[in-house]
Amino acid sequence: MKKLFNVAVVGATGLVGRTMIKILEERNFPVGNLFLLASERSAGTVISFKDTEYTVEALMPDSFEDIDIALFSAGKDVSIKYAPIAAACGCVVIDNGSFWRMHPEVPLIVPEVNPEALNNHNGIIANPNCSTIQLMVALKPIEDNFKLKRVIVSTYQSITGAGQKGIDQLTAEISGEIPQQRASKHQIAYNTVFHTVSDPDGFSEEEIKMINEPRKILSRPDLPMVVTCVRLPILGGHGESVNVETEKSFHIQQLRELLSNSPGITVIDEPLVDKFPTPLDAGGYDSVFVGRLRKDTTVDNGAYLWIVSDNVRKGAATNAVQIAELLIEKDGLDFERKELIY
Ligand code: A2P
């Protein structure tokens, strides 16, 4: 009989948490008991999973005693405090937040890209940033076949990346109402907004994540990454305009075929008949869509790509559930309990 695992979703009432629950169901994940955890505010909320209704409970330090795998998406403070508590109970945490991602003893995983990094963990595994995940799925075959020399990325990110607050602000602004809650102090509707900047050199937190995370995932600590991130009033997924320069030469048709045959990628690239990936079309799917492939003739070996994916699914919830599946496949639920110090 198939082994079942007790699973917790921490942040179960949030946009990503609810999608995690949906994806566990869609992929028929071997769930034994399911525990839905959030703040005290939403304790008692009922959420259904596979035709059964589950009541959300308030997250407590003793919430993890009977849990094998916990999917966290409840914000940084919850991850900082509760991920080590869960791991100390023997529960493997797959954390969607940014806090643990760059810790040297925390694997940062995109299952199609660096599954081998999951072989050693101490109970906390990090899910990369949404924009990083789709970029990595598309760039891994290029790295393996032609070796990346430099990557230039500009993001066109869906406001869903700012959580429910972002969607609520956009919806209110479009309807001419005053938003009850805001994700940006600037108007989002019909505008371009930026992520929080706290770096003295002017980079946003999102840009710093997109510079550092690919380097860790590809084990290329010095890979030149040139990144600008913006949020747009769009739904469905994130777009990325990417320019790559490689060590080895390639023909654009070779690149198209390589990407078409690589895991997790769907190539839609028929510009003459107006076929290319759009964020709205990508919404609801788990694939990373690639199109608008063009040779960059300004360098010896270069190409342009347009990369789109559903940031709430593949960029967060699906990737986390895929990590859990990989963990089971690798028999990786037992780990050496060790306090991770930051
Ligand atoms: P709650 O609904 O009770 O506030 P989003 O990113 O869409 O805003 O979702 C955040 C998720 O994290 C929600 O499920 C939210 O629960 C949960 N959350 C926020 N703060 C805490 C906390 N201190 N303890 C547990 N869960 C929290």
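Residues numbered from 1 in each chain as written. Predicted model: local features only at pLDDT ≥ 70, side-chain atom pairs only at ≥ 80, totals over all residues. Heavy atoms only, no water.

*Asks:* Would you mind showing me how to read the packing of aromatic side chains here?
*Replies:* Working definition: an aromatic ring pair is given by the centre-to-centre distance plus the angle between the planes. Taken as a whole and judged by the stated rule, the model has six aromatic pairs. Here the aromatic rings of Phe49 and Tyr54 are separated by 6.1 Å at their centres, their planes lie at 70 degrees, and the arrangement is edge-to-face. A relative accessible area of 4% means that Phe49 is categorised as buried. Where Phe99 meets Trp100, the ring centres are 5.0 Å apart and the plane angle is 90 degrees; that geometry is what we call edge-to-face. For Phe99, a relative accessible area of 21% gives the class partly exposed. One residue, Arg294, lies across the ring of Tyr304, its end atom 4.6 Å from the ring centre. Directly above the ring of Phe250 sits Lys295, whose terminal nitrogen or CZ lies 4.1 Å from the centroid. (Phe/Tyr/Trp six-rings, centres within 6.5 Å; stacked < 30°, edge-to-face > 60°. Buried < 20%, exposed > 50% of the residue type's maximum accessible area, 1.4 Å probe, protein only. Lys NZ or Arg CZ within 6 Å of the ring centre and 35° of its normal.)

*Asks:* I would appreciate a short explanation of the packing of helix H3 (residues 130-146) against helix H8 (residues 313-329) in the present structure.
*Replies:* Helix-helix packing is described using two parameters, namely the angle between the two axes and the distance between the axes. Interhelical geometry of H3 versus H8 gives an angle of 85 degrees and a closest axis separation of 8 Å. Taken together, the axis directions place H3 and H8 in an arrangement best described as roughly perpendicular. Touching Cys130, Ile133 and Val137 of H3 are Lys314, Gly315, Ala316 and Asn319, all from H8. Class assignment for the residues of the contact of H3 with H8 results in four nonpolar, two polar and one charged. (Axes fitted to C-alpha atoms, helices over the stretch in contact; angles between N-to-C directions. Helix = DSSP H or I, 4+ residues; strand = E, 2+ residues; numbered from the N terminus. Parallel < 35°, antiparallel > 145°, perpendicular 65-115°, else oblique. Contact = heavy atoms within 4.5 Å. Nonpolar A, V, L, I, M, F, W, Y, C, P; charged D, E, K, R; others polar.)

*Asks:* What exactly am I supposed to notice about the sheet that holds strand S7 (residues 92-95) here?
*Replies:* Sheet strands pair by backbone hydrogen bonding; their relative direction is either parallel or antiparallel. Taken in spatial order, the six strands of this open sheet run S5-S2-S1-S6-S7-S8, and their pairing is parallel. Looking along the sheet, the strands with just one partner apiece sit at the ends: strand S5 (57-58) and strand S8 (124-126). With five bridges joining them, strand S1 (residues 5-10) and strand S2 (residues 31-38) adopt parallel strand pairing. Along S2, the bridge assignment pairs Phe5 with Val31. Strands in contact with helix H1 (residues 15-26) are S1, S2 and strand S6 (69-72); relative to S1, the strand with the most contacts, it is inclined by about 155 degrees. Here helix H2 (residues 76-88) sits on the sheet in contact with S1, S6, S7 and S8, set at roughly 175 degrees to S6. (Pairing = 2+ DSSP bridges.)

*Asks:* Sorry if this is basic, but what is going on with the packing of H3 against helix H5 (residues 205-217) here?
*Replies:* Two elements in contact, H3 and H5, have axes separated by 9 Å at closest approach and are oriented at 40 degrees. With respect to each other, H3 and H5 are oriented oblique. Of the two elements, H3 crosses H5, and the hand of that crossing is right-handed. Note on element contacts: H5 touches H3 through Glu206, Lys209, Met210, Glu213, Pro214 and Ile217, opposite Cys130, Ser131, Thr132, Leu135 and Met136. Among the residues forming the contact of H3 with H5, the class breakdown is six nonpolar, two polar and three charged. (Left-handed = near helix turned anticlockwise from the far one by under 90°.)

*Asks:* Mind showing me how you'd approach the site of the ligand here?
*Replies:* What surrounds the ligand is a group of 13 residues, the closest being Thr13, Leu15, Ser39, Arg41 and Ser42. A distance of 2.6 Å separates an oxygen atom of the ligand from a polar atom in the side chain of Thr13. One of the backbone nitrogen or oxygen atoms of Leu15 is found 3.0 Å away from an oxygen atom of the ligand. Contact with the protein chains covers 66% of the free accessible surface of the ligand, which is 580 Å². In terms of residue class, the shell around the ligand is made up of six nonpolar, six polar and one charged. (Near = heavy atom within 4 Å. Polar contact = N/O pair within 3.5 Å; in protein donor to acceptor, adjacent residues only side chain to side chain. Areas by Shrake-Rupley, 256 points an atom, 1.4 Å probe, with all protein chains shown as cover.)

*Asks:* I keep staring at the pattern of salt bridges and nothing clicks. Help me out?
*Replies:* When charged atoms on two side chains of opposite charge get close, those side chains can pair. Considering all chains together, one arrives at twelve salt bridges under this definition. Of the charged contacts in the structure, one is a salt bridge between Glu112 and Lys314, with a shortest N-O distance of 2.9 Å. You can see Glu112 sitting in the loop between S7 and S8 and its partner Lys314 sitting in helix H8, a full 202 residues away along the chain. Residue Lys314 is classed as buried on the basis of its relative accessible area of 1%. Arg256 is the salt-bridge partner of Asp269, the closest N and O atoms lying 2.9 Å from each other. Pair noted here: Asp269 is in the loop between strand S13 (265-267) and helix H7 (279-282) and Arg256 is in helix H6 (residues 252-260), with a separation of 13 residues, a long-range link. (Salt bridge = Lys/Arg side-chain N within 4 Å of Asp/Glu carboxyl O.)

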